[in-house]
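Residue-level listing of the chains:
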Amino acid sequence: MEPTTTPLLPGDRGRCGWLRRRLRLKNPLSSELSGAVGDLGTFIPIVLTLTLVSNLDLSTTLIFTGFYNIATGLLFDIPMPVQPMKSIAAVAVSESPHLTPSQIAAAGASTAATLLLLGATGAMSFLYNLIPLPVVRGVQLSQGLQFAFTAIKYVRFNYDAATLKPSSSPRTWLGLDGLILALAALLFIILSTGSGYDRDAEDGDLAETSSNQSQSRRRRLRLLSSIPSALIVFAIGLVLCFIRDPSIFKDLKFGPAKFHILRISWDDWKIGFVRAAIPQIPLSVLNSVIAVCKLSNDLFDKELSATTVSISVGVMNLIGCWFGAMPVCHGAGGLAGQYRFGARSGLSVIFLGIGKLIVGLVFGNSFVRILSQFPIGILGVLLLFAGIELAMASKDMNTKEDSFIMLVCAAVSMTGSSAALGFGCGVVLYLLLKLRTLDCSSVTLFSQSNDGSRDDSEAAPRAV
């Protein structure tokens, strides 16, 4: 049976109460604000690259994703992320020729239509209940480790925006985007947030003893955990943008870009679907819907409806892609990152959405000048913690069989760079292990009983 969720548009009765519950803080304001920027380690590099390489309309993207953040924060009441469709972005900038904005929009709309169809027909809910948990954990583990590996490359090497990948030249120790800056941000976040355990769990552990030393430790941990570490690190990165290139002040132009509807030809549909949508669809089904629903239950004890999440992705892109906004989805990595830095309610992403709206409306496309100077090492640090938090969701695989399935699925996903390939291998392995332990005695007894009843029925006419 599919879990029940609050409808997007409740009736007039109780509407104020519904909105008030959605706008309630579940963590201190500083923690919610810090968690709001927890997924920008993936958002900023992809948006920046698509803007520079594929002429993405940054102003439109910021405005639409801002509205998406506000809507999903109200709908799901958790820090539901709005992230780029990574496979489409990778194809758009890494393959030659690069995809045009119309082809990117066609790929996003095709993926969105597929997810909308799966959600509206109930097929996504069927898949969600059918897919074994160890397979989902394998997909999450591979995605989390890939985020972590990419983050370490961002910290160690210089970033090449033209390929969406780190370049081969190592990052220098000194400078406004050097290794020392990234390591300082890393140490600051570790000291303030620790291993990412929930504050309530830490308080519960410390409450078992009442010594003065324990009370002092509790106060120290509370003080450290109240520091909005990710927000501070991100704010420092913004300040460094202007220090690295003071000419940014002259290049900034105020006001959003004009909205326009893209003209998508039949060739754009074919190219966008074949080259970008086909590899994106299985990734969106697994990581943007199924893994997100499982992870929300792990982190927030709230099992989202796979139907609602799938329809949400479909509606967002079927609206925004026509105006040139970047194709987006909900990602398990973004959800883990926002949780890791303190986000616990939908208000966190509502704050993020308001920030995107302000930036998109005030600075428009000229904001790319600021993003182009943002220290990539700092983004790598944020992405590292998001990836580790996502990978840690697999810690509940307690049996050897479940761990075996999860690790094989993760290994294939990472080696083949395809979540769909790892998913397929994980499902086949799961079925083979179940077939190996299948109790054949019941099947034999059932077959013998059928044979006996058939013999009795044949002997009855002869007796007459």
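For the structure itself, look to the data block above.
Computed from a predicted model, the values in this text were never measured in an experiment. (Residues numbered from 1 in each chain as written. Predicted model: local features only at pLDDT ≥ 70, side-chain atom pairs only at ≥ 80, totals over all residues. Heavy atoms only, no water.)

### Here we look at a nonpolar patch on the surface
(1) Moving on: A cluster of nonpolar side chains, contributed by Phe 254, Ile 354, Ile 358, Leu 361 and Val 362, occupies part of the molecular surface with about 480 Å² of accessible area.
(2) Moving on: Take Val 362: its relative accessible area is 32%, and that puts it in the partly exposed class. (Patch = residues over 30% accessible without salt bridge, like charges linked within 9 Å, V, L, I, M, F, W, Y side chains within 5 Å. Areas by Shrake-Rupley, 256 points an atom, 1.4 Å probe, with all protein chains shown as cover. Salt bridge = Lys/Arg side-chain N within 4 Å of Asp/Glu carboxyl O. Buried < 20%, exposed > 50% of the residue type's maximum accessible area, 1.4 Å probe, protein only.)

### Describing the pattern of salt bridges
(1) Moving on: As enumerated under the stated definition, the model contains 12 salt bridges in all.
(2) Moving on: The partner of Arg 244 in a salt bridge is Asp 177, with the nearest N and O atoms 4.0 Å apart. Placement of Arg 244 in helix H12 (residues 229-244) and of Asp 177 in the loop between strand E3 (165-170) and helix H9 (179-193) is noted, with a sequence separation of 67 residues between them.
(3) Moving on: Between Asp 245 and Arg 369 there is a salt bridge, and its shortest N-O distance comes to 2.9 Å. Taken together, the residues Asp 245 in the loop between H12 and helix H13 (248-251) and Arg 369 in helix H18 (residues 368-371) connect sequence positions 124 residues apart. (Helix = DSSP H or I, 4+ residues; strand = E, 2+ residues; numbered from the N terminus.)

### Section: helix H21 (residues 419-436)
(1) Moving on: Across its 18 residues, H21 extends 26 Å between first and last C-alpha, which sits within 8% of the 26 Å expected from 1.5 Å per residue.
(2) Moving on: Every buried residue of H21 is listed here: Ala 419, Gly 422, Gly 426, Leu 429 and Leu 433. Around the axis of H21, the buried residues are gathered within 90° of arc, so they sit on the same side. What points out from H21, more than 90 degrees from its buried face, is the exposed set Leu 431, Leu 432 and Leu 435. (Expected span 1.5 Å × (residues − 1). Arc of directions from axis to C-beta.)

### Notes on the pairing of E3
(1) Moving on: The buried fraction of E3 amounts to 0 of the 6 residues, a small share that puts the element mostly on the outside.
(2) Moving on: One ladder, built from 3 bridges, connects strand E2 (residues 157-160) with E3; its direction is antiparallel. Residue Asp 160 lies in a different strand from E3, and its bridge partner there is Lys 165. (Pairing = 2+ DSSP bridges.)

Shape descriptors only; they carry no functional weight alone.
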